[in-house]
Amino acid sequence: MNAEPSIQAKLLDLAAVDAELTRIEHRRKVLPEQQEVDRLAAERTTRKDEAVKAEILIDDLDRDIRKLEGEIEAVRKREERDRGLLTAGSVGAKQLSELQHELTSLERRRKVLEDDEIEVMERREAAAAAHAHAGANLDQAEAELVDAERLRDSALADLTVAQQRCDSDREALTRSFPADLIAVYDKQRTTYGVGAALLQARRCGACRIELDRGEISRISQTAPDVVVRCPECGAILVRTKHSGL
């Protein structure tokens, strides 16, 4: 394949644009701002789970409290009934003894239930504090995530602008190359990642391998308009006075 040396030299400009496009794509994949968004999103999920667990615990404790309140109320009503029978004096001696014994048992049972209620209410108070703390943490995580997403979107917008500029530069450059040359360049770039590189000090600018003397001798004897390629990586080698030929 043949191409004027000036046209071959312009391949370096195209390679520079393509290298920038590669860097932009790589940065988009490993964007620190996106990594921060991912980290904060995971943290928000964790904090949301903590808030939900605290809320579920409060609901369970409220149910326990209502149950204890119902049991305490039932015991109190039973006590009131028994005291009413004792006050009325309408029961016999045997039933009187049974009522007094039952009242003692009911009072003891009520005391146990009231102690249990106090313990559950204390747990409920602690759970409410934990829920409030979890809610505050969740609010903070969501606010931090919103800020991180704004920074991420700004960084992505900058990359998009840079990519559009490179795409425009590339389109303008490719119009100046023969179709067969750009086809070889693009195929090589797709395969290896670099389509063309400077041959400098006998070293390929793409794979960074120094060519042996035999290869350098062959290239030095090749006409300037002949397109030569690296024997190691296949990149088109652009020859200049710095190529060591």
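It should be emphasised that the depicted structure is a prediction, and the values quoted were computed from it without experimental measurement.

**Q** Before we move on, could you go through the layout of surface pockets and cite the residues and values that matter?
**A** In this structure, the largest pocket spans a volume of roughly 150 Å³. In terms of lining residues, the largest pocket is bounded by L12, A15, A16, D18, A19, T22, Y185, G193, V194, G195, A196 and A197. At the level of secondary structure, the elements contributing two or more residues to the lining of the largest pocket comprise helix 1 (5–29) and strand 1 (196–200). Among the elements that line the lining of the largest pocket, the one with the most residues is helix 1, at six residues. In terms of residue class, the lining of the largest pocket is made up of eight nonpolar, three polar and one charged.

**Q** Break down the pairing of strand 4 (residues 236–239) for me, with residues and values.
**A** Sheet topology note: the strand 1/strand 4 ladder contains four bridges and is parallel. The partner of A197 across the bridge, within strand 4, is L237. Across two bridges, strand 3 (residues 228–229) lies against strand 4 in antiparallel orientation. Within the sheet, the bridge partner assigned to R229 lies in strand 4 and is I236.

**Q** Run through the pattern of salt bridges, naming residues and quoting values.
**A** By the definition in use, this model includes 27 salt bridges. Between E79 and R110 there is a salt bridge; the shortest N-O distance is 2.6 Å. Here E79 is found in helix 2 (residues 32–88), whereas its partner R110 is found in helix 3 (residues 93–174), with 31 residues between them in sequence. Assigned by exposure class, E79 and R110 land together as buried. Notably, a salt bridge pairs D186 with R170, separated by 2.7 Å at the nearest N-O pair. In this pair, D186 sits in helix 4 (residues 179–192) while R170 sits in helix 3, placing the two residues 16 residues apart along the sequence. Overall, R170 belongs to the buried group, its relative accessible area being 16%. The network of salt bridges with common partners includes R76, E79, R83, E107, R110 and E114.

**Q** Let's hear about the sheet that holds strand 4: which residues, and what values?
**A** Within a sheet, adjacent strands bond to each other through the backbone by hydrogen bonds, running parallel or antiparallel. Reading across the sheet, the four strands line up as 2-1-4-3 and stay open at both edges, with mixed pairing between neighbours. With one partner strand each, in any of the chains shown, strand 2 (203–204) and strand 3 form the two edges of the open sheet. In the sheet, strand 1 pairs with strand 2 via two bridges, with the strands oriented antiparallel. Bridging across to strand 2, L199 finds its partner in C204.

**Q** Give me the nonpolar core: which residues, what numbers.
**A** Of all hydrophobic cores here, the largest spans 22 residues; its most connected members are L11, L14, F177, L181, Y185 and I236. Among the elements that make up this core, the one with the highest residue count is helix 1 (seven residues). Contacts of Y185, omitting those with residues within four sequence positions, involve L11, L14, A15, D18, R170, G195, A196 and I236. Listed in part, the 13 residues of the second largest apolar core include A197, A206, L211 and V228.

**Q** How would you explain the state of the cysteines if you had to name every residue and give the values?
**A** Two cysteines, two sulfur atoms, one covalent bond between them: this is a disulfide. With the rule as written, the count across this model stands at zero disulfides. For C230, which is in no disulfide, the shortest distance to another cysteine sulfur is to C207 and amounts to 3.8 Å. Judged by its relative accessible area of 4%, C230 falls in the buried class. C230 provides the cysteine sulfur closest to C233, a residue in no disulfide bond, and the two sulfurs are 3.8 Å apart. By relative accessible area, C233 is classed as buried at 12%.

**Q** Explain the side chain of R152 residue by residue, including any values.
**A** Mapped onto the elements of the fold, R152 is located in helix 3. A polar atom in the side chain of R152 sits 2.8 Å from the side chain of Q34. For R152, the contacting residues outside a window of four places in its chain are L31, E33, Q34 and V37.

The rules behind these values
- Residues numbered from 1 in each chain as written.
- Predicted model: local features only at pLDDT ≥ 70, side-chain atom pairs only at ≥ 80, totals over all residues.
- Heavy atoms only, no water.
- 1 Å grid on protein atoms, 1.4 Å probe; cavity = no way out; pocket = protein on both sides within 12 Å on 5 of 7 lines; lining within 4 Å.
- Points joined across faces, edges and corners; volume = space filled by probe spheres on them.
- Helix = DSSP H or I, 4+ residues; strand = E, 2+ residues; numbered from the N terminus.
- Nonpolar A, V, L, I, M, F, W, Y, C, P; charged D, E, K, R; others polar.
- Pairing = 2+ DSSP bridges.
- Salt bridge = Lys/Arg side-chain N within 4 Å of Asp/Glu carboxyl O.
- Buried < 20%, exposed > 50% of the residue type's maximum accessible area, 1.4 Å probe, protein only.
- Core = buried A, V, L, I, M, F, W, Y, C linked by side-chain atoms within 4.5 Å.
- Contact = heavy atoms within 4.5 Å.
- Disulfide = S-S within 2.5 Å.
- Polar contact = N/O pair within 3.5 Å; in protein donor to acceptor, adjacent residues only side chain to side chain.

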